[in-house]
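# Report on the structure
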Amino acid sequence: MRLKKNPPLYFVLAFSFAGNGQQGATDGDLLTANTYWPTDITINSKGNIYLCDGYSKIRFITSNGKVNTINTNISFDGPNGIAVDNNDNVYISDMFNHRICKVTYQ
């Protein structure tokens with residue numbers, strides 16, 4: 001008689017990492033800030049998380065738990081993709097402006 005091995009069971013814990021469950025664009029702590037329709041996220045080398053927001057904003061979450069909005073010299077219209085390169089430059093797909101933007105920090 002052979003015993004059949006069962007595959008290991010894995011339990012995944014999912015939770016709200018940032019946002020208070022309400023639509024909005026308020027900056028603040030992880031649990032008090034809110035966002036609207038986040039479409040994409042990425043993480044840089046310092047552990048900061050960047051996300052595209054449905055209000056055409058680019059938001060970032062610092063490694064110490066603060067949600068902020070990136071202020072740039074351009075306006076976004078439908079940002080829906082975001083990536084970070086090895087130098088922590090941020091690239092944003094700006095859907096309705098038909099462009100890809102590069103954000104660098106000075």
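What you see is a predicted model; the values in this text were computed from it and never measured.

### Here we look at the packing of aromatic side chains
Summed over all chains, the structure comprises three aromatic pairs. Within the aromatic cluster, the residues linked to one another by ring pairs are Tyr36, Trp37 and Tyr55.

### What to know about the pattern of salt bridges
Two side chains with opposite charge may pair up if their charged atoms get near one another. Scanning all chains against the criterion turns up five salt bridges. The closest approach of N and O atoms between Arg59 and Asp27, which form a salt bridge, is 3.0 Å. Placement of the pair is Arg59 in strand β4 (residues 58-61) and Asp27 in the segment before β1 (28-29), with a sequence separation of 32 residues. Residue classification places Asp27 among the partly exposed residues on the basis of a relative accessible area of 36%. Linking Asp94 and Arg99 is a salt bridge whose minimum nitrogen-to-oxygen distance equals 2.8 Å. Overall, the relative accessible area of 0% leaves Asp94 in the buried class. What emerges from the salt-bridge pattern is a single network uniting Asp27, Asp53 and Arg59.

### Details of the pairing of strand β5 (residues 66-69)
Burial along β5 is one-sided: the residues Val67 and Thr69 are buried and none of Lys66 and Asn68 is. Strand direction decides the pairing type here: β4 and β5, joined by three bridges, are antiparallel. Bridging across to β5, Phe60 finds its partner in Asn68. The turn joining β4 and β5, which pair antiparallel and follow one another in sequence, is formed by four residues; a positive phi near 90° is taken by Gly65.

### A word on the nonpolar core
With 11 residues, the main nonpolar core is built from Tyr50, Cys52, Ile58, Phe60, Ile70, Phe76, Ile82, Val90, Ile92, Cys101 and Val103. Mapped onto this core, the elements with two or more residues apiece are β3 (49-52), β4, β7 (90-94) and β8 (99-103). The residues touching Ile70, leaving out its near neighbours within four places in the chain, are Tyr50, Ile58, Phe60 and Tyr105. By size, the runner-up hydrophobic cluster in this structure holds five residues, among which are Ala33, Ile49, Leu51 and Ile61.

### So, the sheet that holds β1
If you trace the five strands from one edge of the open sheet to the other, you get β1-β5-β4-β3-β2, paired in antiparallel fashion. The sheet is open, and its two borders are formed by β1 and β2 (40-43), each paired with just one other strand. Sheet topology places β1 next to β5; two bridges connect them, and they run antiparallel. Across the sheet, Gly28 pairs through a bridge with Val67, a residue of β5.

About the thresholds
Residues numbered from 1 in each chain as written. Predicted model: local features only at pLDDT ≥ 70, side-chain atom pairs only at ≥ 80, totals over all residues. Heavy atoms only, no water. Phe/Tyr/Trp six-rings, centres within 6.5 Å; stacked < 30°, edge-to-face > 60°. Salt bridge = Lys/Arg side-chain N within 4 Å of Asp/Glu carboxyl O. Helix = DSSP H or I, 4+ residues; strand = E, 2+ residues; numbered from the N terminus. Buried < 20%, exposed > 50% of the residue type's maximum accessible area, 1.4 Å probe, protein only. Pairing = 2+ DSSP bridges. Core = buried A, V, L, I, M, F, W, Y, C linked by side-chain atoms within 4.5 Å. Contact = heavy atoms within 4.5 Å.

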